[in-house]
Amino acid sequence: MRRNFKKLLSILLVAVMIFGSAPLSGLVDLDLLSLFELKAEAASYSGTCGDNLTWTLNTSTGALTISGTGAMTNWSYPDFVPWYSDRSSIKSVTIGNGVTSICNYAFCECNTLTSMTIPDSVTSIGKYAFYYCTGLTSVTIGNSVTSIGERAFCSCYNLTSVTIPDSVTSIGTSAFINCTGLTSMTIPDSVT
């Protein structure tokens, strides 16, 4: 949002400079509406989110992709997650098969995210990873996940379906608290 605002401001300043220095006689046949017609451009952002992991976000499609090998960086606060400021545009997340963990606060408050499939390469889901993802309706957890962090799915009000595999041995405190749409869940015997 801030990037788009800066871009719009730059365009308006250029227009003011052009009009300020142009003679009025040259503006007679100018179509001002077409001059100021602004088209929303798709923005694509990228960066790193682990030693060997990269992320890309296309804000036009809402597709966030995390790829590479290894664990995601575990951030201390949601604001530190590199795509957090664009969380409202995230509609889908693709996690590559080489990713071994979902970090703390990874998708916190991504309210337009509706479903999630966690690949078999992931072994842990951090605390508050999907906190307050109010649009999330279903989650499929991969067969290698052994731990789900505290409040990982807290306040996912519309979550109706969660598949927890037999590989999970620990589920953190209040991991599914306030998931009012969740009517049933099977916790495997592997959970201690």
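Residues numbered from 1 in each chain as written. Predicted model: local features only at pLDDT ≥ 70, side-chain atom pairs only at ≥ 80, totals over all residues. Heavy atoms only, no water.

Attention now goes to the overall build of the protein. When its secondary structure is counted, the protein shows two helices and eleven strands. Its helices and strands taken in sequence order, the protein reads α-α-β-β-β-β-β-β-β-β-β-β-β from the N to the C terminus. Taking all 192 residues of the protein together, the buried fraction comes to 36%. Long-range contacts, defined here as pairs at least 24 residues apart, represent 33% of the contacts in the protein between residues at least 6 apart. For the protein, the exposed area adds up to about 10700 Å²; of that, 54% sits on carbon and sulfur atoms. (Helix = DSSP H or I, 4+ residues; strand = E, 2+ residues; numbered from the N terminus. Buried < 20%, exposed > 50% of the residue type's maximum accessible area, 1.4 Å probe, protein only. Contact = heavy atoms within 4.5 Å. Areas by Shrake-Rupley, 256 points an atom, 1.4 Å probe, with all protein chains shown as cover.)

The subject of this paragraph is the confidence of the model for the protein. On average, residues of the protein score 87 in pLDDT, and 78% of them are at 70 or above. Below pLDDT 50 for its whole length, residues 32–40 participates in eight contacts with residues either more than four positions away or in separate chains. (pLDDT = per-residue confidence, 0-100.)

Moving on, we get to the nonpolar core. If you look at the biggest cluster of nonpolar residues, it comprises 48 residues, and the most contacted ones within it are Trp 83, Phe 107, Ile 125, Phe 130 and Phe 153. Elements represented by at least two residues in this core include exactly β1 (44–50), β2 (53–58), β3 (63–68) and β4 (92–95). It is β2 that contributes the most residues to this core, three residues altogether. (Core = buried A, V, L, I, M, F, W, Y, C linked by side-chain atoms within 4.5 Å.)

This part covers the environment of Val 168. As for its position among the elements, Val 168 is in the loop between β10 (161–163) and β11 (170–171). Overall, the relative accessible area of 0% leaves Val 168 in the buried class. Residues contacting Val 168, with those up to four places away along its chain left out, are Val 145, Thr 146, Ile 148, Ser 190 and Val 191.

Take the sheet that holds β11 next. A sheet is described by the order of its strands in space; here four strands give the open sequence β5-β7-β9-β11, paired in parallel fashion. Two strands lie at the open edges of the sheet, namely β5 (101–102) and β11, each paired on one side alone. Summarising the sheet, strand β9 (residues 147–148) and β11 pair through two bridges and their orientation is parallel. Bridge pairing links Ile 148 to Ile 171 in β11. (Pairing = 2+ DSSP bridges.)

In the sheet, β1 pairs with β2 via six bridges, with the strands oriented antiparallel. Among the inter-strand pairings, Tyr 45 is bridged to a residue of β2, identified as Leu 57. A loop of two residues connects β1 with β2, the two strands running antiparallel in sequence.

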